[in-house]
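Residue-level listing of the chains:
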Amino acid sequence: MPREPTAARLAAEEALGRLVRDVPDFPQPGIVFKDITPLLADPEGFRAVVAALAEAGRDADGRPVVDKVVGMEARGFIFAAPVALALGVGFVPVRKAGKLPGETHAVSYALEYGEAVLEVHGDGLAPGERVLVIDDVLATGGTARATVELVGACGATVTGMAFLMELSFLPGRATVGDVPLTVLTVV
């Protein structure tokens, strides 16, 4: 049975509807880009979205149930860092190859036009840690799936993923598998 939407969730949904704008034919013809910059410029809307995303890392009594929040490059960083602060846990970035100094775990994954590599610091997550993964959009799910693999390579476990929006016409949800998902709005 689905839970009733919380006040934070309702405020986030309202902010997303009001502040995310569609930009047709960007970055190429036929694409409708979801521009989040108006949301980021609005402190009330941004605060509402962070609070709603943070709920994915709390139990029914409001206690944090994760040890770290992982943000995926690059727009995921914008949301994951304040979610980590709201939960009182650490933030760990997942970056494109070659962006992190020191030892890293890496995973290669398929894109619609080739391949990409993501990395995380080898010491960014400890074995047994519980992780909430945050990003702005769940689309094909390739980056999300690769991030789950990276977390596992560190010995940690993804206990949930949270996204601002899901593109329902793409297979992201199926690609991610059985990881619990929180999506603030579906388009």
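Scroll up a little and you will see the structure.
**What to know about the packing of aromatic side chains**
The tally for this structure, following the rule as stated, stands at 3 aromatic pairs. Relative to Phe91, the ring of Phe77 has its centre 6.1 Å away and its plane inclined at 80°; by these criteria the two rings are edge-to-face. Taken together, the positions of Phe77 in helix α4 (residues 75-87) and Phe91 in strand β4 (residues 90-96) put the pair 14 residues apart, joining distant regions of the chain.

**Overview of α4**
Given 3.6 residues per turn, any residue in an α-helix points the same way as the ones three and four places further on. In a regular helix each residue adds 1.5 Å, so 13 residues correspond to 18 Å; α4 covers 19 Å between its end C-alpha atoms and thus fits that length. Among the residues of α4, Gly76, Phe79, Ala80, Val83, Ala84 and Leu87 are the ones counted as buried. All buried residues of α4 fall inside an arc of 135° around its axis, so they share one side. The secondary structure elements touched by the buried residues of α4 are α2 (37-41), α3 (43-54), β3 (68-72), β4, β7 (130-138) and β8 (157-166).

**Side note on the sheet that holds strand β6 (residues 114-121)**
If you trace the 7 strands from one edge of the open sheet to the other, you get β5-β6-β4-β3-β7-β8-β9, paired in mixed fashion. Only two strands of the sheet have a single neighbouring strand rather than two, namely β5 (104-111) and β9 (181-186). Ignoring which end each strand starts from, the neighbouring axes of this sheet average 20° apart. Pairing of β5 with β6, which is carried by 8 bridges, proceeds in the antiparallel orientation. Across the sheet, Ala106 pairs through a bridge with Glu119, a residue of β6. Strand contacts of helix α1 (residues 7-19): β8 and β9, with the helix running at about 40° to β9, the strand carrying the most contacts. Sheet contacts for α4: β3, β4, β7 and β8; angle to β7, the most-contacted strand, approximately 140°.

**Considering the pattern of salt bridges**
Taken as a whole and assessed by the stated rule, the structure comprises 13 salt bridges. With its nearest N and O atoms 3.8 Å apart, the salt bridge here joins Arg18 to Asp42. With Arg18 in helix α1 and Asp42 in the loop between α2 and α3, the pair connects residues that are 24 residues apart, well separated along the chain. We classify Arg18 as partly exposed; its relative accessible area is 44%. Across the pair Asp22 and Lys34 runs a salt bridge, and its minimum N-O distance is 2.6 Å. With a gap of 12 residues between them, Asp22 in strand β1 (residues 21-24) and Lys34 in strand β2 (residues 32-35) connect regions that are remote in the sequence. For Asp22, a relative accessible area of 44% corresponds to the partly exposed category. The network of salt bridges with common partners includes Glu14, Arg18 and Asp42.

**As for the side chain of Glu119**
You can see Glu119 is positioned in strand β6. The side chain of Glu119 sits in the buried core without any salt bridge; Arg95 is the nearest counter-charge, 8.5 Å away. Reaching out from Glu119, the side chain makes a polar contact with the backbone nitrogen of Gly98 at a distance of 3.1 Å. A polar side-chain atom of Glu119 sits 3.5 Å from a polar atom in the side chain of Thr104. When sequence neighbours within four positions are dropped, the list of residues in contact with Glu119 reads Pro93, Val94, Arg95, Lys96, Ala97, Gly98, Lys99, Leu100, Thr104, His105, Ala106 and Leu150.

**Side note on the packing of α3 against α4**
In the contact formed by α3 and α4, the axes pass within 9 Å of each other and the chain directions differ by 65°. Considering their axes alone, α3 and α4 lie roughly perpendicular with respect to each other. The element α3 and its partner α4 pack so that their crossing is right-handed. Contacts from Phe46, Val49, Val50, Leu53 and Ala54 of α3 reach α4 at Ile78, Phe79, Pro82, Val83, Ala86 and Leu87.

**Points about the nonpolar core**
Formed by 28 residues in total, the largest nonpolar core has its most connected members in Val49, Leu53, Val69, Val83, Ile134 and Leu164. Elements supplying a minimum of two residues to this core: α1, α3, α4, β7 and β8. The residues contacting Leu164, other than those within four sequence positions of it, are Leu16, Ile36, Leu39, Val49, Leu53, Phe79, Asp135, Asp136, Leu184 and Thr185. If you look at the next biggest cluster of nonpolar residues, it comprises 26 residues, including Met72, Val131, Ala146 and Val151.

Each value, and the rule that gives it
- In every chain, residue numbers begin from 1 and rise along the written sequence.
- Per-residue local features are limited, in this predicted model, to residues with pLDDT of at least 70; the limit for side-chain atom pairs, both in listing and counting, is 80 or more; totals at the level of whole chains, interfaces and linings are taken over all residues.
- Excluded from the side-chain calculation are hydrogens and water; included are all heavy atoms of the structure.
- Each pair of aromatic rings taken from Phe, Tyr and Trp, with Trp reduced to its six-membered ring, is defined by centres within 6.5 Å and is described as stacked if the planes are under 30 degrees apart, edge-to-face if over 60, and tilted in the remaining cases.
- Numbering of helices and strands starts at the N terminus; helices are DSSP runs of H or I of at least 4 residues and strands are runs of E of at least 2.
- What a helix should span is 1.5 Å times the count of its residues minus one.
- Using a 1.4 Å probe on the protein chains alone, a residue whose accessible area is under 20% of its type maximum counts as buried, one over 50% counts as exposed, and one in between counts as partly exposed.
- Of all possible arcs, the one meant is that of the directions from the helix axis to the C-beta atoms.
- Any two residues having at least one pair of non-hydrogen atoms within 4.5 Å are treated as being in contact.
- Two strands pair if DSSP finds at least two bridges between them.
- Axis definition: a line fitted to C-alpha atoms, over the contacting stretch in the case of helices. Angles run 0 to 180 degrees between N-to-C directions.
- Salt bridges, as used here, are contacts in which a Lys or Arg side-chain nitrogen is within 4 Å of a carboxyl oxygen on Asp or Glu.
- By the counting rule applied here, Lys and Arg register as positive and Asp and Glu as negative, while His and the ends of each chain are not counted.
- Within 3.5 Å is the distance limit for a polar contact, defined as a pair of N or O atoms, with the added protein rule that one can donate a hydrogen and the other accept it, and that residues adjacent in sequence qualify only through two side-chain atoms.
- Here is the rule for angles: anything less than 35 degrees is roughly parallel, anything more than 145 is roughly antiparallel, 65 through 115 is roughly perpendicular, and the remaining ranges are oblique.
- A crossing counts as left-handed when the near helix is turned anticlockwise from the far one by less than a right angle, and as right-handed when that turn is clockwise.
- Note on terminology: a nonpolar core comprises buried Ala, Val, Leu, Ile, Met, Phe, Trp, Tyr and Cys residues joined through side-chain atoms within 4.5 Å.

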